[in-house]
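Structural overview for review
Spelled out, the chains give:
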Amino acid sequence: MSKKNTKAPANYAKQLRTVQIALSELQRRIIKDGRKLLVIIEGRDAGGKDGTIKRIVEHLSPRDTRVVALGPPSDRDRRSWYFQRWTSYLPASGEIVLFNRSWYNRAGVERVMGFCTDAEYEEFMITVPMFEQLLAHCGITLVKFYLDISKAEQESRLAARRENPLKQWKNSKIDAQATKRWKAYSTARDEMLARTHSVAAPWTVIRADDKHQARLALIRSLL
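These figures come from a predicted structure and were not determined experimentally. (Residues numbered from 1 in each chain as written. Predicted model: local features only at pLDDT ≥ 70, side-chain atom pairs only at ≥ 80, totals over all residues. Heavy atoms only, no water.)

Comments concerning the overall build of the protein
Regarding its fold elements, the protein presents 10 helices and 5 strands. By the compact-globule yardstick of 17 Å for 223 residues, the protein fits well, its C-alpha radius of gyration being 18 Å. Dimensions of the protein, computed from the C-alpha atoms along their principal axes, are close to 50 × 50 × 30 Å. Counting contacts in the protein only where the partners sit at least 6 residues apart, residues at least 24 apart contribute 79% of the total. (Helix = DSSP H or I, 4+ residues; strand = E, 2+ residues; numbered from the N terminus. Rg over C-alpha atoms; globule rule 2.2 N^0.38 Å. Contact = heavy atoms within 4.5 Å.)

So, the nonpolar core
Grouped together as the largest cluster of nonpolar side chains are 26 residues, with contacts concentrated most on Leu38, Phe99, Trp103, Tyr104 and Phe124. If sequence neighbours within four positions are ignored, tryptophan 103 has contacts with Leu38, Ile40, Tyr82, Phe83, Trp86, Leu90, Phe124, Val128, Phe131, Glu132 and Leu135. Ile41, Ile53, Ile96 and Ile206 belong to the second-largest nonpolar core, a separate cluster that totals 25 residues. (Core = buried A, V, L, I, M, F, W, Y, C linked by side-chain atoms within 4.5 Å. Buried < 20%, exposed > 50% of the residue type's maximum accessible area, 1.4 Å probe, protein only.)

Overview of the packing of aromatic side chains
A full pass over the atoms with the stated rule returns 13 aromatic pairs. Measuring from centroid to centroid gives 5.5 Å for tyrosine 82 and phenylalanine 124, while their planes differ by 80°, and the two rings are edge-to-face. Residue tyrosine 82 is located in the loop between α3 (75–78) and α4 (84–87), and its partner phenylalanine 124 is located in helix α6 (residues 118–137); the two are separated by 42 residues in the primary sequence. The residues tyrosine 82 and phenylalanine 124 share a single accessibility class, namely buried. Here phenylalanine 83 and tryptophan 103 contribute two aromatic rings whose centre-to-centre distance is 5.9 Å and whose plane-to-plane angle is 75°, an arrangement assigned as edge-to-face. Of the two residues, phenylalanine 83 sits in the loop between α3 and α4 while tryptophan 103 sits in the loop between β3 (95–100) and α5 (109–113), which places them 20 residues apart along the sequence. The same class applies to phenylalanine 83 as to tryptophan 103, namely buried. One aromatic cluster in this structure is built from Trp81, Tyr82, Phe83, Trp86, Phe99, Trp103, Tyr104, Phe124, Phe131 and Trp203. The ring of tryptophan 182 carries the charged tip of arginine 44 above its face, separated from the ring centre by 3.5 Å. Lying over the aromatic face of tryptophan 86, arginine 85 brings its terminal NZ or CZ to 4.7 Å of the ring centre. (Phe/Tyr/Trp six-rings, centres within 6.5 Å; stacked < 30°, edge-to-face > 60°. Lys NZ or Arg CZ within 6 Å of the ring centre and 35° of its normal.)

Details of the pattern of salt bridges
Considering all chains together, one arrives at 15 salt bridges under this definition. Aspartate 45 is the partner of arginine 101 in a salt bridge, and the nearest nitrogen-oxygen pair spans 2.8 Å. On the criterion of sequence distance, the pair formed by arginine 101 in the loop between β3 and α5 and aspartate 45 in the loop between β1 (36–43) and α2 (49–57) is long-range, its members being 56 residues apart. On the basis of relative accessible area, aspartate 45 is assigned to the buried category, the value being 17%. The structure contains a network of salt bridges with shared partners spanning Arg44, Asp148, Arg189, Asp190 and Arg207. (Salt bridge = Lys/Arg side-chain N within 4 Å of Asp/Glu carboxyl O.)

Shape descriptors only; they carry no functional weight alone.
As structure tokens, then:
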């Protein structure tokens, strides 16, 4: 497992404060101009999604910022248009919405774990660029990030999570498959990035073994 020092660098707090101030300025402009910002944050299990989102929203207006993390689909969700359960959470004028995982579950965990059929997967891969282009055409600025970590770092973080009583809510049966199916997840990730990267909704991949530098890099890219 990774033995890397996870302590924040000496100037991390100062750098984080600087980019968080810039985020507040960005939010003021979004509210003033009536823009709609949707941020999708995907990544491997234990990639740092929760911690990164926490730093993004920490000092933003809770009235104009929403974090969306949907659970497993219901029976009705499974019988509905695939994108339907996310549409009510899309940003309104002046809002920033962050999806902690998103419709890309179909391209990742559903694909690898067999929770969708080949036909459902292929339909998603064909239609998601169209759906995202429609969102952009209708005034939503869509930014997509993928937090990528090494296998050793993932193993280390999952082990630490299991031992931390304050993070028990993060543990799931699927976590145990994360490293066992590393190659399958890597293949799914590569196909997702290749087929769903577009001018309207581009992907930005963030190397996230160093969680502090990853947070700064993602926020700077967002800005």
